[in-house]
Amino acid sequence: MQLVVASNNAGKIREMRALLRPSEVVSPSDLGLQLEVEETGTTFAANAELKARAFAEATGLIALADDSGLAVDALNGAPGVFSARYGGPGLDDAGRYRLLLDHMQAFSSVEQRGARFCCTIVVVAPDGRICRAEGTCEGHIAHAASGDHGFGYDPVFFVPEHGCTMAELDARVKNNISHRARAMAAIAPLLRQTFPEIAS
């Protein structure tokens, strides 16, 4: 039994395949599915559940969705659930993190630049079974972008225990310490308990 990753984000799908057995995971493009789900929730959990339910209904498969983003202390938790839409629809990843750097110019010290990546994963079956888990990765906003791995805000998210940005980490290291990896580790036992058919 396979599960579908309820995302059209190639970076997320790649990370999920690295965190799960590749044979268990299909992407919407593997199924020829074009589905955009309006993220109207006010929390990561609400948005993840909206996506998981929509993809489970559309495919008849167990659907795994995550909603994740960056929460910056000095910006009262922004961009938060709007991380992928920060600054409006005209910006790409680089445009969004450059805008964030602009908004952080007034905050010079590490203590003022605290931030965390947050992830909630929700898995839903067509019959309504559901499980969810959360993960976070603590760090701070760097003063300049660095690194060319990862995606999103990775180039400006500094990980103190590794002394570099998330975008400078090897993918294997990132997949051990990221918010998504921690959420996956938390959901793994729930996944097997709730959906035993995945392993069959």
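See the structure above.
Small disclaimer: the values here were computed from a predicted structure and weren't measured.

Our next topic: the overall build of the chain. Each helix and strand in the chain was counted, giving five helices and seven strands. When the elements of the chain are put in sequence order from the N terminus, they spell out β-α-β-α-β-α-β-β-β-β-α-α. The C-alpha atoms of the chain give 17 Å as radius of gyration, which agrees with the globular expectation for 200 residues (16 Å, within 12%). Along the first, second and third principal axes, the C-alpha set of the chain runs to 50 × 30 × 25 Å.

With 16 residues, helix α2 (residues 44–59) ought to run about 22 Å at 1.5 Å a step, and its terminal C-alpha atoms sit 23 Å apart, in line with that. Three or more residues of α2 are buried, namely F44, N47, A48, K51, A52, F55 and A56. Buried residues along α2 cover an arc of 160 degrees about the axis, so they all sit on one side. Positive backbone phi, approximately 75 degrees, marks G60, located one or two places after α2.

Attention shifts here to the side chain of T165. As for its position among the elements, T165 is in strand β7 (residues 164–165). You can call T165 buried: its relative accessible area is 2%. With sequence-adjacent residues up to four places away left out, T165 is seen in contact with A142, S146, D154, P155, F157, F158 and V159.

The next thing to look at is the pairing of strand β3 (residues 62–72). Of all 11 residues making up β3, 11 are buried, and the element is well covered by its neighbours. Side chains of β3 alternate between two faces, with I62, L64, D66, S68, L70 and V72 and A63, A65, D67, G69 and A71 buried alike. As paired strands, β3 and strand β4 (residues 114–124) are joined by 10 bridges and run antiparallel to one another. Bridge pairing in β4 places A65 opposite V122.

Within the secondary structure, A78 sits in the loop between β3 and α3 (93–103). For A78, a relative accessible area of 26% puts it in the partly exposed group. For A78 and L100, which are 22 residues apart along the polypeptide, the C-alpha to C-alpha distance reads 9.6 Å. Apart from residues no more than four positions distant in its own chain, A78 is found in contact with L70, A71 and V72.

Moving on, we come to the pattern of salt bridges. Scanning all chains against the criterion turns up 14 salt bridges. The partner of D67 in a salt bridge is K51, and the shortest N-O contact between them spans 3.2 Å. In this pair, D67 sits in strand β3 while K51 sits in helix α2, placing the two residues 16 residues apart along the sequence. R180 is the partner of D66 in a salt bridge, and the nearest nitrogen-oxygen pair spans 2.9 Å. Here the residue D66 occupies a position in strand β3, and R180 occupies one in helix α5 (residues 179–194), the gap between them amounting to 114 residues. Owing to a relative accessible area of 4%, D66 belongs among the buried residues under this scheme. For R180, a relative accessible area of 2% puts it in the buried group. In this structure, a network of salt bridges that share partners links the residues E39, K51, D67 and R85.

So, on to the sheet that holds β4. Read across the sheet, seven strands follow the order β2-β1-β3-β4-β5-β6-β7 without closing on themselves; strand pairing throughout is mixed. Looking at the sheet topology across the chains shown, the edges are occupied by β2 (25–26) and β7. Summarising the sheet, strand β6 (residues 157–159) and β7 pair through two bridges and their orientation is antiparallel. Counted as the bridge partner of V159 is C164 from β7. Here α2 sits on the sheet and contacts β1 (3–5), β3, β4 and β5 (130–141); the angle it forms with β3, its principal contact strand, is near 155 degrees. Its contacts with the sheet place α5 against β3, β4 and β5, and it is angled at close to 165 degrees to β5.

About the thresholds
- Residues numbered from 1 in each chain as written.
- Predicted model: local features only at pLDDT ≥ 70, side-chain atom pairs only at ≥ 80, totals over all residues.
- Heavy atoms only, no water.
- Helix = DSSP H or I, 4+ residues; strand = E, 2+ residues; numbered from the N terminus.
- Rg over C-alpha atoms; globule rule 2.2 N^0.38 Å.
- Expected span 1.5 Å × (residues − 1).
- Buried < 20%, exposed > 50% of the residue type's maximum accessible area, 1.4 Å probe, protein only.
- Arc of directions from axis to C-beta.
- Contact = heavy atoms within 4.5 Å.
- Pairing = 2+ DSSP bridges.
- Salt bridge = Lys/Arg side-chain N within 4 Å of Asp/Glu carboxyl O.
- Axes fitted to C-alpha atoms, helices over the stretch in contact; angles between N-to-C directions.

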